Amino acid sequence: MAEKPAVWLRLRINGEPLKCQKLIRCPALDRRVVVLAVASLVLVACNRSGPSKKTGSGASAAFRVALLTPGPVSDAGWNASAFAGLRLIRGKLGAQTALVQTTSPADFEDAFRDFAGRGFNLIFAHGFEYTDTALKVARSFPHTIFVITSGAGSSANVASLTFKIEEAAYVEGVLAAGVSKTGVAGAIGGIELPAIRMTFDGFRRGFLSLRPSGRVLTSYVGSFNDVGAAKEAALAQISRGADVLFHDADEAGLGVFAAAESRHVYAFGANGDQNAVAPTVVLASAVTAIPQAFLRVATEVKDGTFKPGMLEFGMREGMVRVVYNPRLLPKIPPAALAQAKRAEQEIIAGTVKLASR
């Protein structure tokens, strides 16, 4: 059968090309699907207007906030939490907001310069990988604040916002050790980044604290979006004895849940409450309060009180927590649940200390 001609899309809003978007190639798609895809992108990404109008005093009439994500906001985890933060800022602060998904490092600088050049007050970039580009571009736009989630640097107008999710991962590791029958757990990551290695180290330490002779298998699939690769990696770990699975893989983590469901093993959610995503296998989720932290930062930026730097939030600050799946609580042995709860309190009290960033 001959291949259908590709459809190329350039999105426009109010007759203007949508900035920060590349041409979109949609091979072999039904026209109705293309229209729906365009409509979805417009609804999500295009709460935008032209340059902010100036008042008589020269002050900006609108507070404008942009978000860059490395993957789709439909991942029910990392990127979805950032998008929830953007919506919260729009709802609570009346901000004008915009969203763009970057597909490669080449897009980072274009997106930063586009938003900053159009007068956005605050730009969130949701991932460690944006750090170097943000530090570079920020020098040209001193009146824009850049905030990098899980970032590794700061400057006069760049902040790194870090959530110590490894603390919740440690608790999940303790819980995994309490429910595992084989003494083998698995951890599947997207791209091997320092923050993800640290998260896996937290899970491993928690698991081995109760099962010192146990094993934690680790795999990286090289992508945060390849659901199929993550499923295959999880199935490979299950074949090696893993009966509990942890992930830090964004959208690809959905493949881990699919593998767990197909082989009837337990899994853990990360970066958002994913208990309802796979309710028959996800025992608990390591949840970061990304939306609330984004709102806090945006409020301070709007008020003129924000101070860029290396910002850290963890369980002690109430910004990281473990959310247990109520549907599966009866399946958790009481001793295992008690050990996990005790681990939470030990981290909050500082009795258990994980590697510093």
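Residues numbered from 1 in each chain as written. Predicted model: local features only at pLDDT ≥ 70, side-chain atom pairs only at ≥ 80, totals over all residues. Heavy atoms only, no water.

Visitor: Is there a simple way to think about the pattern of salt bridges in this case?
Guide: Note on pairing: side chains with opposite charge can pair once their charged atoms come close. Taken as a whole and judged by the stated rule, the model has 6 salt bridges. The shortest N-O distance in the salt bridge between E109 and K136 comes to 3.0 Å. One end of the pair, E109, is in helix α3 (residues 105-117); the other, K136, is in helix α4 (residues 131-138), and 27 residues separate them in sequence. For E109, a relative accessible area of 23% translates into the label partly exposed. We classify K136 as partly exposed; its relative accessible area is 41%. Taking the shortest distance from any N to any O, the salt bridge between R118 and D114 comes out at 2.9 Å. (Salt bridge = Lys/Arg side-chain N within 4 Å of Asp/Glu carboxyl O. Helix = DSSP H or I, 4+ residues; strand = E, 2+ residues; numbered from the N terminus. Buried < 20%, exposed > 50% of the residue type's maximum accessible area, 1.4 Å probe, protein only.)

Visitor: Looking at this structure, how should I read the packing of α3 against α4?
Guide: Think of two packed helices as two axes; the pair is described by the angle between the axes and how far apart they sit. Where α3 meets α4, the axes come as close as 10 Å, and the angle between the chain directions of the two elements is 40°. Between α3 and α4, the angle falls in the class oblique. Read as a crossing pair, α3 and α4 show a hand that is right-handed. The residues of α4 that touch α3, namely those facing F108, E109, F112 and R113, are T133, A134, K136 and V137. Each residue belonging to the contact of α3 with α4 can be placed in one class, and the counts come to 4 nonpolar, 1 polar and 3 charged. (Axes fitted to C-alpha atoms, helices over the stretch in contact; angles between N-to-C directions. Parallel < 35°, antiparallel > 145°, perpendicular 65-115°, else oblique. Left-handed = near helix turned anticlockwise from the far one by under 90°. Contact = heavy atoms within 4.5 Å. Nonpolar A, V, L, I, M, F, W, Y, C, P; charged D, E, K, R; others polar.)

Visitor: Got a minute to help me understand the sheet that holds strand β14 (residues 282-288) in this structure?
Guide: Neighbouring strands of a sheet are bound in pairs by backbone hydrogen bonds; such pairs are parallel or else antiparallel. Taken together, the 6 strands give an open sheet; going across it, the order is β11-β10-β12-β13-β14-β16, and neighbouring strands pair in mixed fashion. Strands with a single pairing partner mark the edges of an open sheet, and in this sheet they are β11 (215-220) and β16 (320-324). The sheet shows a mean angle of 20° between the axes of neighbouring strands, direction not considered. Judged from the 5 bridges that link them, β14 and β16 form a sheet pairing that is antiparallel. Bridge assignment links A284 to a residue of β16, and that residue is Y324. In the packing of helix α5 (residues 165-179) onto the sheet, the strands contacted are β12 (244-248), β13 (266-270), β14 and β16, and the crossing angle to β14 comes to about 170°. Across the sheet, helix α6 (residues 194-210) is in contact with β10 (184-189), β11, β12 and β13; its angle to β11 comes to roughly 165°. (Pairing = 2+ DSSP bridges.)

Visitor: What exactly am I supposed to notice about helix α9 (residues 290-303) here?
Guide: Note that an α-helix has 3.6 residues per turn; residues three or four places apart therefore point the same way. Between its terminal C-alpha atoms α9 stretches 20 Å, which fits the 20 Å expected from 14 residues at 1.5 Å a residue. Within α9 the residues assigned to the buried category are I290, P291, A293, F294, L295, V297, A298 and V301. (Expected span 1.5 Å × (residues − 1).)

Visitor: Just checking my understanding: could you explain the nonpolar core for this structure?
Guide: Note on soluble globular proteins: their nonpolar side chains tend to be buried together. Counting residues in hydrophobic clusters, the biggest one holds 66 residues, and the most contacted among them are I89, L122, F124, V147, L175 and F268. A per-element tally of this core places α5 first, with 10 residues. Ignoring any residue separated from it by four or fewer positions in sequence, one finds F268 in contact with E172, L175, A176, F203, V244, L245, F246, H247, F257, V282, L283 and A284. One finds A260, V265, V281 and V282 within the second-largest nonpolar core, a separate group that totals 21 residues. (Core = buried A, V, L, I, M, F, W, Y, C linked by side-chain atoms within 4.5 Å.)

Visitor: Sorry, what's going on with the pairing of β10 here?
Guide: Here is the key point about a regular strand: its side chains alternate between the two faces of the sheet. Counting buried residues in β10 gives 6 out of 6 residues, a clear majority hidden from the surface. Covered by surrounding structure in β10 are V184, G186 and I188 together with A185, A187 and G189, the residues of both alternating faces. Note: β10 against β11, 6 bridges, orientation parallel. Bridge pairing in β11 links G189 to Y220. The handedness of the β10 to β11 crossover, carried by α6, is right-handed. Pairing of β10 with β12, which is carried by 5 bridges, proceeds in the parallel orientation. When the sheet's bridge partners are listed, G186 is paired in β12 with L245. (Right-handed = clockwise from strand over helix to strand, strands pointing away.)

Visitor: Hey, could you run me through α4 in this one?
Guide: Taken as a whole, α4 has its buried residues at T131, T133, A134, V137 and A138. Axial view of α4: buried residues confined to an arc of 165°, hence all on one face. Those residues of α4 that are buried lie in contact with α3, β8 (145-149) and β9 (158-163). (Arc of directions from axis to C-beta.)

Visitor: Would you take a moment to explain the packing of aromatic side chains for this structure?
Guide: Aromatic ring pairs are defined here through the distance separating the ring centres and the angle between the ring planes. With the rule as written, the count across this model stands at 10 aromatic pairs. An angle of 35° between the planes, with centres 5.7 Å apart, marks the rings of F200 and Y220 as tilted. On the criterion of sequence distance, the pair formed by F200 in helix α6 and Y220 in strand β11 is long-range, its members being 20 residues apart. For Y220, a relative accessible area of 27% corresponds to the partly exposed category. (Phe/Tyr/Trp six-rings, centres within 6.5 Å; stacked < 30°, edge-to-face > 60°.)

Visitor: How should the confidence of the model for the protein chain be read in this particular structure?
Guide: For any part of a model where pLDDT is low, the fine detail of the predicted coordinates should not be relied upon. Residue-level pLDDT values for the protein chain average 86, and 82% of them are 70 or greater. Below a pLDDT of 50 lies the segment residues 1-60, which in the model reaches 75 contacts outside its immediate sequence neighbourhood of four places, other chains included. (pLDDT = per-residue confidence, 0-100.)

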